[in-house]
Amino acid sequence: SECSLLAVMSYDRYVAICHPLHYTQIMHWKACALLVLGVLIFSVVYTLVHVLLLLKLTFCISTPLQSFFCDLPQLLLVSCSDTFINVLLILITAIIIGGGIFVLTFCPYIIILNTIMKMQSKAMRSKAFSTCSSHLTVVFIFYGTVLFSYFHPNSKDHSAVDTVVSVFYAVLTPLVNPLIYSLRNKIIQISLKRAVRRLLQI
């Protein structure tokens, strides 16, 4: 769901920068509601498929999970059933669905970057970069932790690192998101500057 929302937000940035005069017509409340509803339905169906396949497995070993939260790869590691179908499904969905969402997230930025470079006004360029910077920061933090969590070999030697990364992925990334997006708000920027000045005076 978070990957899909980041892709939807990329499209929103694309419309805002490449078609600013038509933004309110394209991204009206019905379109936004349909996009969010589509993400929710897709996420529920995707998760349900994995959960139904997971229910067929048996867990006969009492082994602690190498993760901060109960995640699918860690559950497959402690199962005593044949997990070939589960692993194959994860691989196929990661390549097709995950790769598709990844492309949908980053492709709009190629067009956005091309549009920004054609802008003659430095103020307009700065405003456009400001519009994209918060979203790109969240995207890189999210994908960085996801790639580290899911695309390195699982072993007992990595248990401490896995725990730290899973905490970062599950707790810190969602906590940082509102902070990153709110830093674009001028009122919050002014309040933050005042708070820093007060701290420096003390």
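Residues numbered from 1 in each chain as written. Predicted model: local features only at pLDDT ≥ 70, side-chain atom pairs only at ≥ 80, totals over all residues. Heavy atoms only, no water.

**Remarks on the overall build of the chain**
Scanning the chain from N- to C-terminus turns up eight helices and zero strands. Expressed as a percentage of the 202 residues in the chain, the buried residues total 27%. Counting only contacts in the chain whose residues sit at least 6 apart along the sequence, the fraction spanning at least 24 positions is 65%. (Helix = DSSP H or I, 4+ residues; strand = E, 2+ residues; numbered from the N terminus. Buried < 20%, exposed > 50% of the residue type's maximum accessible area, 1.4 Å probe, protein only. Contact = heavy atoms within 4.5 Å.)

**Examining the UniProt feature "transmembrane region" (unreviewed entry) in the chain**
Following the UniProt record, one finds the feature "transmembrane region" (unreviewed entry) at residues 31-55, 83-116, 128-151 and 163-183. Each end of residues 31-55 is marked by a C-alpha atom, and these two atoms are 36 Å apart; helix forms 100% of the span and strand 0%. Along residues 83-116 one finds 97% helix and 0% strand; the C-alpha atoms at either end are 48 Å apart. (UniProt positions renumbered as here; feature names shortened; annotations may be inferred.)

**Thoughts on the packing of helix 1 (residues 2-18) against helix 5 (residues 84-118)**
Here helix 1 crosses helix 5 at 20°, and the two axes come no closer than 8 Å. It follows from the interaxial angle that helix 1 and helix 5 lie roughly parallel. The handedness of the crossing between helix 1 and helix 5 is left-handed. Residues Cys3, Ser4, Leu6, Ala7, Ser10, Arg13, Tyr14, Ile17 and Cys18 of helix 1 lie in contact with helix 5, whose contacting residues are Ile101, Leu104, Thr105, Pro108, Tyr109, Ile111, Ile112, Thr115 and Ile116. In terms of residue class, the contact of helix 1 with helix 5 is built from 13 nonpolar, four polar and one charged. (Axes fitted to C-alpha atoms, helices over the stretch in contact; angles between N-to-C directions. Parallel < 35°, antiparallel > 145°, perpendicular 65-115°, else oblique. Left-handed = near helix turned anticlockwise from the far one by under 90°. Nonpolar A, V, L, I, M, F, W, Y, C, P; charged D, E, K, R; others polar.)

**Re a positive patch on the surface**
Taken together, the side chains of Lys193, Arg194, Arg197 and Arg198 make up a positively charged region of the molecular surface. Looking at where arginine 198 falls in the secondary structure, it is placed in helix 8 (residues 186-201). (Patch = residues over 30% accessible without salt bridge, like charges linked within 9 Å, V, L, I, M, F, W, Y side chains within 5 Å. Areas by Shrake-Rupley, 256 points an atom, 1.4 Å probe, with all protein chains shown as cover. Salt bridge = Lys/Arg side-chain N within 4 Å of Asp/Glu carboxyl O. Lys, Arg positive; Asp, Glu negative; His and termini not counted. Charge placed at Lys NZ, Arg CZ, Asp CG, Glu CD.)

**With respect to the environment of leucine 6**
With respect to the helices and strands, leucine 6 occurs in helix 1. Residue classification places leucine 6 among the buried residues on the basis of a relative accessible area of 3%. Placed 99 residues apart in sequence, leucine 6 and threonine 105 show a C-alpha to C-alpha distance of 6.4 Å.

**A look at the environment of leucine 5**
As for its position among the elements, leucine 5 is in helix 1. C-alpha separation for the pair leucine 5 and valine 39, spaced 34 residues apart in sequence, amounts to 6.8 Å.

**Let's talk about a nonpolar patch on the surface**
Taken together, Phe84, Ile85, Leu88, Leu91, Ile92, Ile95 and Ile96 make up a surface patch of nonpolar side chains, about 700 Å² in accessible area. Structurally, the position occupied by leucine 88 is in helix 5.

**Details of the packing of aromatic side chains**
Enumeration over the complete set of coordinates arrives at seven aromatic pairs. Aromatic side chains tyrosine 11 and tyrosine 14 sit 6.2 Å apart centroid to centroid with 35° between the ring planes, which places their arrangement in the tilted category. Highlighted residues: tyrosine 11 and tyrosine 14, both in helix 1, separated by three residues, approximately one helical turn. For tyrosine 11, a relative accessible area of 36% puts it in the partly exposed group. Measuring from ring centre to ring centre gives 5.2 Å for phenylalanine 102 and tyrosine 143, while their planes differ by 85°; the resulting arrangement is edge-to-face. One end of the pair, phenylalanine 102, is in helix 5; the other, tyrosine 143, is in helix 6 (residues 122-150), and 41 residues separate them in sequence. Through pairs of rings, three or more aromatic residues link up here, namely Phe102, Phe106, Phe140, Phe142 and Tyr143. (Phe/Tyr/Trp six-rings, centres within 6.5 Å; stacked < 30°, edge-to-face > 60°.)

**Considerations on the state of the cysteines**
Tallied over the full model, the rule gives zero disulfides. Lacking any disulfide linkage, cysteine 132 is separated from the closest cysteine sulfur, that of cysteine 18, by 8.5 Å. (Disulfide = S-S within 2.5 Å.)

**Focus on helix 8**
Helix length check: helix 8, at 16 residues, gives a terminal C-alpha distance of 23 Å against a target of 22 Å (1.5 Å per residue), a fit within 8%. Sparse coverage of helix 8 is indicated by the burial of zero of its 16 residues. (Expected span 1.5 Å × (residues − 1).)

**Here we look at the side chain of serine 79**
Residue placement: serine 79 occurs in the loop between helix 4 (72-77) and helix 5. At 3.1 Å, the side chain of serine 79 and the backbone nitrogen of serine 81 are in polar contact. Those residues in contact with serine 79 that lie beyond four places of it in its chain are Leu57, Thr58 and Phe59. (Polar contact = N/O pair within 3.5 Å; in protein donor to acceptor, adjacent residues only side chain to side chain.)

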